[in-house]
Amino acid sequence: MKNDPDTMLEDQSQNEGLDSPDFQADETENDEIRPTDIVFNCPHCGHSLAIDYRGAGLQIKCVACGTPVQVPIPDGMKVDDLDLSPGELMTQLFQTRRMLLKSEQRIAELEETLNSVKLRRTELEKARMTTLHRCAELVSMCQSGLKLQGDMANTLNRMVALIAEEQQR
Ligand SMILES: [Zn+2]
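**Details of the overall build of the protein**
No. 1: For the protein, the helix and strand inventory stands at 3 helices and 4 strands.
No. 2: In sequence order, the protein lays out its α and β elements as α-α-β-β-β-β-α.
No. 3: Taken across its 169 residues, the protein has 5% of its residues classed as buried.

Take a look at the structure:
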């Protein structure tokens, strides 16, 4: 497959497989790939093809292998978009820009929310660790208390035994 830009653009005369006469009439003699051109590979032979954006969705014949191929519609575009007048395109551009701006604002809001949720989660985790440490400390204090109580009972029993021994003498 050739990816050199000079070999990608197909000659005007080779585009005879086009279905739409309008499309052919619109083709320019410009020899460079424009940013609005659709560049894609023939699904049959892999040859790199470049075509004016108005050819989106149309059937053309691959210049390399002659197989009819459908020109892909660029991502996010509709065939209808390509038939609009400049005025309508401008209206759509404005709407798209507004929606983009709103989306960006919404993304910023969501990121802010996400950050505050993350912060809250970190705080909660810290609080939980503190609680766990305190619980462990309390358990160990209870165990010390029980041990003291046991020692005290042993001592008292021992004293009672000693007193009993003295009484029996
Ligand atoms: Zn082909």
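Back to the text.
**Let's talk about the nonpolar core**
No. 1: Among the nonpolar cores identified, the biggest contains 6 residues, and these are Leu 49, Ile 51, Ile 60, Cys 62, Val 69 and Val 71.
No. 2: For Ile 51, the contacting residues outside a window of four places in its chain are Asp 37, Ile 38, Ile 60 and Val 71.

**Quick look at the pairing of strand β1 (residues 38-41)**
No. 1: Taken together, the 4 bridges between β1 and strand β2 (residues 48-51) define a ladder with antiparallel strand orientation. Within β2, the residue paired with Asn 41 across the bridge is Ser 48.
No. 2: Hairpin connection of β1 to β2: 6 residues between the antiparallel strands, including Gly 46 at a positive phi of 85 degrees.

**Side note on the confidence of the model for the protein**
No. 1: On average, residues of the protein score 83 in pLDDT, and 82% of them are at 70 or above.
No. 2: Predicted confidence in the protein is weakest over helix α2 (residues 21-26), with a mean pLDDT of 38, and strongest over helix α3 (residues 86-168), with 95.
No. 3: Overall, residues 1-30 carries pLDDT values under 50, and its contacts beyond four positions in sequence, including any with other chains, amount to 42 contacts.

**Brief notes about α3**
No. 1: Spanning 83 residues, α3 covers 121 Å between terminal C-alpha atoms, matching the ideal 123 Å at 1.5 Å per step.
No. 2: Where burial is concerned, little of α3 is hidden: 0 out of the 83 residues are buried.

So, how was this worked out
- Here, residues in each chain are numbered from 1, in the same order as that chain's written sequence.
- Where local features are concerned, this predicted model is filtered to residues with pLDDT of at least 70; where side-chain atom pairs are given and counted, the filter is 80 or more; whole-chain, interface and lining totals use all residues.
- Numbering of helices and strands runs from the N terminus; a helix is a DSSP stretch of H or I covering at least four residues, while a strand is a stretch of E covering at least two.
- Exposed residues have 12 or fewer other C-beta atoms within 10 Å of their own C-beta, buried residues have 20 or more, and residues in between are partly exposed; the C-beta atoms are placed from the backbone.
- Here, a nonpolar core denotes buried Ala, Val, Leu, Ile, Met, Phe, Trp, Tyr and Cys residues that are linked to one another through C-beta atoms within 7 Å.
- The contact criterion used here is simple: two residues whose C-beta atoms, placed from the backbone, lie within 7 Å are in contact.
- Strand pairing is assigned whenever DSSP detects at least two bridges linking the two strands.
- The pLDDT score gives, residue by residue, the confidence of the prediction method on a 0 to 100 scale.
- Between the first and last residue of a helix there are one fewer steps than residues, each counted as 1.5 Å, and that sum is the expected span.

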